[in-house]
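# Architecture at a glance
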Amino acid sequence: MKKFSSFVALALLCTMFTACSNLKINRPAAEPSGTTADKTSGDASGSKKNDGANIEELEEAMDVQKYNAYVGLNNFMTGRLDQVLTDYFDKFGDEEQPVIDKNFSFTMLSISSGDAKALETQFGFADKAPAFPAIDPVVVRLKPAMNDLTAILSEAREYYKTKGYVDDHFAKAKEMHPKIVKAADAYYAVADEYLKAMAGMGAERKKESLKKFQENDEQIRYGALKFLVDAQALSAEMEEQGVTAKNILDLDMEKFRAKYDPLVDDLKNLTQHAQDEQRLKKEKIESYTLNSYIEEAQKVKVAASDIIERVNKKRKVDEFDLKSRFFTENQDGTPEKFEKMLREAIQKYNRLK
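Residues numbered from 1 in each chain as written. Predicted model: local features only at pLDDT ≥ 70, side-chain atom pairs only at ≥ 80, totals over all residues. Heavy atoms only, no water.

Moving on, we come to the overall build of the protein chain. Within the protein chain one finds 11 helices and 0 strands. In the protein chain, the succession of α and β elements from N to C terminus is α-α-α-α-α-α-α-α-α-α-α. Every one of the 353 residues in the protein chain was classed for burial, and the buried ones make up 46%. Taking as baseline every contact in the protein chain between residues at least 6 positions apart, the subset at least 24 positions apart corresponds to 79%. (Helix = DSSP H or I, 4+ residues; strand = E, 2+ residues; numbered from the N terminus. Buried < 20%, exposed > 50% of the residue type's maximum accessible area, 1.4 Å probe, protein only. Contact = heavy atoms within 4.5 Å.)

Okay, structure coming up:
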């Protein structure tokens with residue numbers, strides 16, 4: 001079975017446009033502040049100029065809202081849904097028949113009703129303006145594949161939650177497992193395409209956002225985003241090397257440090273700017289959300305430092321801890337824990353106000 005890379009990075013909400021940077025999924029696009037029809041007096045040419053500005057602002061808002069909806073979909077796929085699938089296949093394997101231990105015990109992770117409602121909204125953007133030609137067609141194909149997968153996963157969740165296997169001696173478990181494998185295969189095939197398309201669009205938007213922040217002298221917002229961009233670059237370096245908890249001692253430390261050192265500088269600069277109260281006011285950033293983000297950024301840096309310590313001490317990850325993604329994500333000095341901390345930092349960044 002094909003699975004995601006262990007280091008699929010989450011996407012970031014669009015913060016390119018200051019006026020639209022706080023748009024959330026499900027929030028309607030802003031209405032124009034005025035049109036020619038609203039005017040009772042004044043210069044007509046001035047009204048037309050205002051119309052043009054209002055239309056441009058509305059188009060920007062619609063673009064950001066749609067992009068943020070697709071970001072939410074991206075992050076659900078690489079976050080909760082990936083956790084549910086990883087947990088399930090770690091337990092039962094991905095062959096035609098499930099592997100059932102003699103002393104069976106399993107609490108299956110769930111997909112919440114809130115996630116289901118968000119998915120419905122996110123998929124609904126596929127036919128809305130503006131068009132995203134590289135992504136919209138993929139979203140259309142992704143929807144049925146994901147619906148099939150989440151439906152069978154929800155059915156399995158209910159079965160294991162109520163311990164139905166005690167009543168039917170795992171009959172339904174053996175019936176559902178090949179369906180889950182098949183649905184997951186179909187989902188992964190189109191999901192990879194979607195994530196790659198989003199990565200391409202996200203990279204361009206992050207580049208534009210960094211430029212915009214510099215032009216506007218928004219050093220805090222610039223620093224917060226640059227830290228994540230460099231953290232994702234460090235993640236990509238580990239992925240390119242093919243390093244996981246299992247072979248962490250094979251890490252090319254020279255290449256790793258080349259991506260790690262900028263991360264350290266980013267955090268120092270961000271922390272320094274965050275202490276400037278005048279700059280906080282200028283950039284209209286709430287200190288408590290910024291501090292919350294910085295705390296998560298510090299954990300990302302520490303997770304990277306732990307990797308250096310583990311490799312320098314030539315300390316392998318125990319075989320027992322390699323049995324499950326849950327264990328590797330909670331072991332100091334593993335790429336998996338670095339990814340977990342990065343996911344959480346991105347979530348905090350997406351709430352930054």
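So much for the structure itself; the text now carries on.
Attention now goes to the side chain of Glu-329. Its place among the elements puts Glu-329 in helix H10 (residues 325–329). A residue is classified by how much of its surface remains accessible, and Glu-329, at 11% relative accessible area, is buried. For Glu-329, the side chain forms a polar contact with the side chain of Arg-343, separated by 2.9 Å. Excluding residues that lie within four positions of it along the chain, Glu-329 makes contacts with Glu-336, Lys-337, Lys-340 and Arg-343. (Polar contact = N/O pair within 3.5 Å; in protein donor to acceptor, adjacent residues only side chain to side chain.)

A few words on the packing of aromatic side chains. Within a pair of aromatic rings, the relevant descriptors are the distance that separates the centres and the angle that separates the planes. All chains considered together, the criterion is met by 21 aromatic pairs. Geometrically, the ring pair formed by Phe-106 and Tyr-160 is edge-to-face, given 5.5 Å between the ring centres and 80° between the ring planes. Of this pair, Phe-106 sits in the loop between helix H1 (44–92) and helix H2 (113–123) while Tyr-160 sits in helix H3 (residues 136–161); the two residues are 54 residues apart in sequence, bridging distant segments of the chain. Tyr-160 carries the same exposure label as Phe-106, and that label is buried. Taken together, the ring pairs connect Tyr-88, Phe-89, Phe-92, Phe-104, Phe-106, Tyr-159, Tyr-160, Tyr-165 and Phe-170 into an aromatic cluster. In this structure, Lys-66 is placed above the aromatic ring of Phe-132, and the distance from its NZ or CZ to the ring centre is 4.9 Å. (Phe/Tyr/Trp six-rings, centres within 6.5 Å; stacked < 30°, edge-to-face > 60°. Lys NZ or Arg CZ within 6 Å of the ring centre and 35° of its normal.)

This part covers unusual backbone geometry. Omega for the peptide link from Ala-129 to Pro-130 comes to 0°, which places this bond in the cis form. Its place among the elements puts Pro-130 in the loop between H2 and H3. In this structure, His-169 takes a positive phi of about 55° despite not being glycine. You can see His-169 is positioned in the loop between helix H4 (164–168) and helix H5 (171–215).

It is worth spelling out the nonpolar core at this point. Ranked by internal contacts, the top residues of the largest apolar core, which has 50 residues, are Leu-142, Met-146, Tyr-160, Tyr-187 and Tyr-194. Listing elements by their share of this core, those giving two or more residues are H1, H2, H3 and H5. The biggest single contributor to this core is H5, with 14 residues. With 43 residues, the next largest nonpolar core counts Met-238, Ala-245, Phe-256 and Leu-290 among its residues. (Core = buried A, V, L, I, M, F, W, Y, C linked by side-chain atoms within 4.5 Å.)

Helix H11 (residues 335–349) packs onto helix H6 (residues 219–241) with a crossing angle of 155° between their chain directions and a minimal axis gap of 11 Å. Classified by the interaxial angle, the pair formed by H6 and H11 is roughly antiparallel. Seen along the crossing, H6 lies across H11 with a hand that is left-handed. Taking contact as the criterion, the partners of Ala-224, Leu-225, Leu-228, Ala-231, Gln-232, Leu-234, Ser-235 and Met-238 in H6 are, on H11, Pro-335, Phe-338, Glu-339, Leu-342, Ala-345, Ile-346 and Tyr-349. A per-class count over the contact of H6 with H11 returns 12 nonpolar, 2 polar and 1 charged. (Axes fitted to C-alpha atoms, helices over the stretch in contact; angles between N-to-C directions. Parallel < 35°, antiparallel > 145°, perpendicular 65-115°, else oblique. Left-handed = near helix turned anticlockwise from the far one by under 90°. Nonpolar A, V, L, I, M, F, W, Y, C, P; charged D, E, K, R; others polar.)

As a further point, take H3. With 26 residues, H3 extends 36 Å between its outermost C-alpha atoms, agreeing within 8% with the 38 Å of an ideal straight helix rising 1.5 Å per residue. Bending of H3 peaks at approximately 30° at the position of Leu-142, with proline Pro-144 no more than four residues after it. Two residues or fewer past H3, Lys-163 is found with a positive phi of approximately 55°. (Expected span 1.5 Å × (residues − 1). Bend = angle between axes of the 7 residues up to and from the residue.)

Let us now look at helix H7 (residues 253–274). For H7, which comprises 22 residues, the first-to-last C-alpha distance of 31 Å matches the rise-based estimate of 32 Å (1.5 Å per residue) to within 8%. Maximal helix bending in H7 amounts to about 25°, located at Lys-259; proline Pro-262 follows within four positions. Within H7, burial applies to Met-253, Phe-256, Tyr-260, Leu-263, Val-264, Asp-266, Leu-267, Leu-270 and Ala-274. Buried residues along H7 sit in contact with H6, helix H8 (277–283) and helix H9 (287–312). Between a side-chain oxygen at the N-terminus of H7 and the backbone nitrogen of Glu-254 the separation is 3.2 Å; the capping residue is Asp-252.

Relative to the helices and strands, Met-176 is located in helix H5. The spatial distance from the C-alpha of Met-176 to the C-alpha of Ala-156 is 7.2 Å, given a sequence separation of 20 residues. If near-sequence neighbours (up to four positions away) are discounted, Met-176 is found in contact with Ile-152, Glu-155, Ala-156 and Tyr-159.

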